[in-house]
Amino acid sequence: MSNNQDDREGRLKKKILDRFDDETSQEIKILKSRPDFRPELEYFVDLLAGGRDPATISARTGRPVVALMCLQAPLELFHVYGLQPFKIFGGTMVAQRLSAPQLPAIMCPMLRSALGELHLDLAGSKGQKFLAWVTPTTCDWVVKIQDMMEVCGITEKPPFHRLELPHLKDRTESQDRWLEEVYLLRGFLSQITGKKKIRRQDLARSMNIYQKSWHVFSNLIDLKRTGRVPEIWFMVISNSFFFDDAEKWTESVKKALPVFNKREKALPDIFLAGSPIFFPNLKMLHLLEEAGLNVVMDDLCSSERIFPGAVYFDDFSEHGLLKALAQRYHQGCLCPTFSDNDRRINNIIAPAHKDLYKGVVFHVLKGCHPFDLESLTLECRLKDMGLKFIKLETDYTSEDSQTLLTRLEAYRNTLAN
Amino acid sequence: MGYKIGLDLGSTAIKMVLVKNNEITWSRKVPTAPGQEALAMELVKGAVNECGLSEVDIDHIAATGYGKKLMSSAGHTVDEISANAQGLHWLSEGRCRTIINIGGQDLKVINLNEKGLIADFKMNDKCAAGTGRFFEQAARILDTPLEKFGEMSKLADEPLELNSTCVVFAESEIVSLLAKGVPKERIIKGLHHSVARRITHLLGSRNTPKGGDIYLDGGPSQNPGLLEALEDELLMEVKVLPNPQFTVAFGATLSAN
Ligand code: SF4
């Protein structure tokens, strides 16, 4: 590359980095100036504000950081190897500007933004890189992420490990195959840390730590069901999970629970389904609030689905523990990339039978095919039951806010019909 | 006393109705420009003066449309989908089950139940295909006033197959058709059909109304060529009320009830 090109690229990066900071700090300002902001929530907001580079996260947690492309990999395994798993996500609208010219016009904007952020060298700006990358093969965009990193000129080349995800979950062969993958992941983590063996007591301890996180998080979910936890705060709390040590985060969630407990129930209630939402792009949640819609349930992998649920085991051998983990992460996951996934649709529909919500708002990021395709099945099923459904397709842009708001306001009126 | 004002602050025009006893007594529209509230208040003043009223005769101002939040003097605001539904239900005397609304920058399909409440609705994306903006753009490239589109498309036997409803692609397609000497009448007819197909697609087979009537409203609904193309594509009768661009503003006054 010529010096001129280098200069231009440098200037562009600098501009985008400035705007990246603006976008983040603007959202932080909005969060902190909300009337329902409380000191107990500061911890989570500060985690999101404090940067997502491996150096910062490693300094905070005292562990080397491994980048994770999806939640499918058992977090407990990273923990027992003394590592901090960090889910890579792109939430900034501006970061896409760096990666977009090299990428397909219609692609997952969340990943396009993530690639832009990586291109900004956020990952390595403080002199420390991710120790490794782990990619469960969920959707097509995630599967091709390594190629796209190369196309975007992201030169960081740490060890890269793919976890092949069997997309049929109810088949024994698939479950066995997934267990093999979990063993392969263990081998990879052992190789990058140089730790030949892990003690089963240590694995059980790590599992216990994450179980506690899940337990406290499920208390927060229960509160949300009563309409007391605004989705924006729920998202901030769940988004921040990967930014700190699981135990510290859990303690902070415990402290935040009474804040929400004191609040009153708010109506009308909706189920938010579809593509994930990541800080600082909380556009959809702001619009939902502006339209007077209160989210009591969601199934976003950036929100209620960050944990696969409780892990049960009665076999305390290392194999028994790994098997329990593998099962939970495969069976408990409700990602639309699975083929036999009636459970996911039923999970959304079942609460409607108990009148736990009045309608579904389905959020689709343009280019996110798994969720887009699934919305068709869900729409038919819900409408056949006489339930309200609205699909909102959006991109990482603020231009469409007005039309989205119009739809949400009209949708809100239909909930009473 | 007893008058209500309905203002629809849309992306291309501000429409206003003066209503008494749920009947439109005065209506007017002006193009949208910066300073929407001032423009709207000019309309209000015009209505009051022309009808020999004073401001105390106005009981309520209802605002809808993209600019509704800019109207600080509005007694209440309502989204344009709900306003459209209420307006057409009333004006069609309960016969309407589906509304196709073509706005300046969007396209909406709204299904109503027998009580006139919204059962379902669909809206196009950010794309301006099939909207008022699309027709304006086409009129500019064809150098033909929009008002003539209806009569001109009637002169063509067969519509031309246009591949794009995208404003940008349609522009180059029309330019190249003109260069090939294709008569404007056929191009216009082709445009109507391509927009009609897009509307049919938005309507979707699941959403084709069972019973009740389909109404077209919004500015472009006054174009008989589009209406004909739509009926052709849908294989159904599509109705248009007098002054279809004021339905939404009127519906806003009803929502004040
Ligand atoms: S599932 Fe959707 S949101 Fe998630 S990575 Fe794939 S395309 Fe993006």
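Residues numbered from 1 in each chain as written. Chains lettered and ligands numbered in written order. Predicted model: local features only at pLDDT ≥ 70, side-chain atom pairs only at ≥ 80, totals over all residues. Heavy atoms only, no water.

(A) Just the confidence of the model for chain B, in detail. Averaged over every residue, the pLDDT of chain B is 89; the share at 70 or more is 94%. Per the prediction output, this complex has pTM 0.89; the corresponding ipTM is 0.80. (pLDDT = per-residue confidence, 0-100.)

(B) Structural detail: the packing of aromatic side chains. All names here are of chain A. As enumerated under the stated definition, the model contains 22 aromatic pairs over all chains in all. When the ring of Phe241 is compared with that of Phe242, the centres are 5.1 Å apart and the planes differ by 70°; the resulting orientation is edge-to-face. Looking at Phe241, the relative accessible area reads 2%, which means it is buried. The class for Phe242 is buried, based on a relative accessible area of 4%. Each member of the aromatic cluster is reached from another via a ring pair, and the members are Tyr210, Trp214, Phe217, Phe234, Phe241, Phe242, Trp249 and Phe307. Lying across the ring of Phe338, Lys169 places its NZ or CZ 4.5 Å from the centre. A cation sits over an aromatic face here: Lys224 above Phe234, 3.9 Å from the ring centre. (Phe/Tyr/Trp six-rings, centres within 6.5 Å; stacked < 30°, edge-to-face > 60°. Buried < 20%, exposed > 50% of the residue type's maximum accessible area, 1.4 Å probe, protein only. Lys NZ or Arg CZ within 6 Å of the ring centre and 35° of its normal.)

(C) Structural detail: unusual backbone geometry. Cis peptide bonds are those with omega within 30 degrees of zero, and the linkage from A:Phe279 to A:Pro280 qualifies with 5°. Mapping A:Pro280 onto the fold places it in the loop between strand E5 (269–274) and helix H13 (283–290). Phi at B:Glu93 takes a positive value of approximately 55°, unusual for a residue other than glycine. In this structure, B:Glu93 sits in the loop between helix H2 (80–91) and strand E6 (96–102). Residue B:Glu93 is classed as exposed on the basis of its relative accessible area of 62%. Even without a glycine there, the phi angle at B:Asp143 is positive, about 55°. For B:Asp143, the location among the structural elements is in the loop between helix H3 (132–142) and helix H4 (149–155). (Helix = DSSP H or I, 4+ residues; strand = E, 2+ residues; numbered from the N terminus.)

(D) Highlighting the site of the ligand. Residues and elements named next belong to chain A. With respect to spatial proximity, the complete set of residues near the ligand consists of Cys108, Met110, Leu111, Cys139, Trp141, Val142, Pro276, Cys368 and Phe371. For the shell around the ligand, the elements supplying multiple residues, two or more each, are helix H6 (109–119) and helix H7 (140–143). When the residues that make up the shell around the ligand are grouped by side-chain class, the tally is nine nonpolar, no polar and no charged. (Near = heavy atom within 4 Å. Nonpolar A, V, L, I, M, F, W, Y, C, P; charged D, E, K, R; others polar.)

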